[in-house]
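Summary of the model geometry
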Amino acid sequence: MNRPRLLPIVAFVAVGVGIVRISDAKPPKVATLDKCPVIGVEAPGSTRAALNEVKHRAPRDMPPVFLEFDDLAPLQQAADALVKSGEKAKVLPKDRAKLHDLAARTVKVSEGDLVAMAGYVVGKAASNVGESANCYLRGPSNNDFEFAIAPRRDGTAYEGIIGEMIPQGRPKEWTLVRLRKVAADHRLVLIMGQLMFDTRHLPNPKPGTNHESPRVSTWEIHPVTKFLVCQRDTCDPRDEKAWQPLEYTSVPP
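From a predicted model like this one, the values you see are computed outputs, not experimental measurements. (Residues numbered from 1 in each chain as written. Predicted model: local features only at pLDDT ≥ 70, side-chain atom pairs only at ≥ 80, totals over all residues. Heavy atoms only, no water.)

**Focus: the environment of P237**
Test applied: Starting at the N terminus, helices and strands are each numbered in turn, a helix being any DSSP run of H or I of at least four residues and a strand any DSSP run of E of at least two. A simple rule labels every residue: compare its accessible area, found with a 1.4 Å probe on the protein chains alone, to the largest value its type can have, and call it buried under 20%, exposed over 50%, or partly exposed in between. Contacts are residue-level and defined by heavy atoms, with any inter-residue pair within 4.5 Å sufficient.
Along the chain, the position of P237 falls in the loop between β10 (219-230) and β11 (243-245). Owing to a relative accessible area of 28%, P237 belongs among the partly exposed residues under this scheme. Along the chain, P237 and A118 lie 119 residues apart, while their C-alpha atoms are 6.7 Å from each other. With near-sequence residues (within four places) excluded, P237 lies in contact with F66, A118, L190 and W243.

This is the structure:
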């Protein structure tokens, strides 16, 4: 049955550094998340389909590559030389395949690698309100949880990169309340997941220069597959025994 065409409504949410555009709200395309294909609602072979497929991809089965914030600038430069970015950029699977063996300061990484980064959750973690990758389904249980990590506990998202917890297979204990508690407590965190180049965005490291998700780099950790919290002033990122899983973070009843 044909549905009447609805005009998109742009939704906004505050994340502590300004108003951030999350997505264009549109009618859901399927009834439940398990019915949503890996390419979301996009046409096979399109730029958005290629990006949606990567967003749902598990990282390679490998030891994590430990990255530092100083690695982001050379990685951004290397990626920018290979593919275009921006809302209207055309980036097909053959283009994304070029994001391979890129040099950071001391390591080489590829999109799809399992990486780990330590930092501080800054701003306000939020749930997307409905996006193409998840067939425009509404509600936190059907959408990514987006947060930023920065190198300093008093930093902002403009200094950091984005991590996203996708709803497919996300532990029920990974909640926005816990993410915001970790941010409020200024706890050092260690996140692991897929290194992904979100070509829909552009870096915007100068505060106030954008109307969407602030970031110093287009690289994301997406999806996040492990989230650990340091219980001391500092923890060794390579010693997981020093960290506590996010699900053990206590929150008010």
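**What about the environment of E212?**
Among the structural elements, E212 can be located in the loop between β9 (188-197) and β10. Taking the relative accessible area as the measure of exposure, E212 reaches 16% and is therefore buried. Taking the C-alpha atoms as reference points, E212 and L202, ten residues apart in sequence, are found 9.7 Å from one another.

**Notes on the packing of aromatic side chains**
Remark: the centre distance and the inter-plane angle together describe each pair of aromatic rings, the angle taken between the planes. Test applied: Two aromatic rings from Phe, Tyr or Trp, using only the six-membered ring of Trp, form a pair when their centres are within 6.5 Å; if the ring planes differ by under 30 degrees the pair is stacked, by over 60 it is edge-to-face, and anything between is tilted.
All told, the structure shown has two aromatic pairs when counted by the stated rule. Their ring planes at 70° and their centres at 5.6 Å tell us that F147 and F227 sit as a pair that is edge-to-face. On the criterion of sequence distance, the pair formed by F147 in strand β7 (residues 145-150) and F227 in strand β10 is long-range, its members being 80 residues apart. Across this residue pair, the class does not change: F147 and F227 are buried. Relative to W219, the ring of F197 lies with its centre 4.7 Å away and its plane at 55°, an arrangement referred to as tilted. With F197 in strand β9 and W219 in strand β10, the pair connects residues that are 22 residues apart, well separated along the chain.

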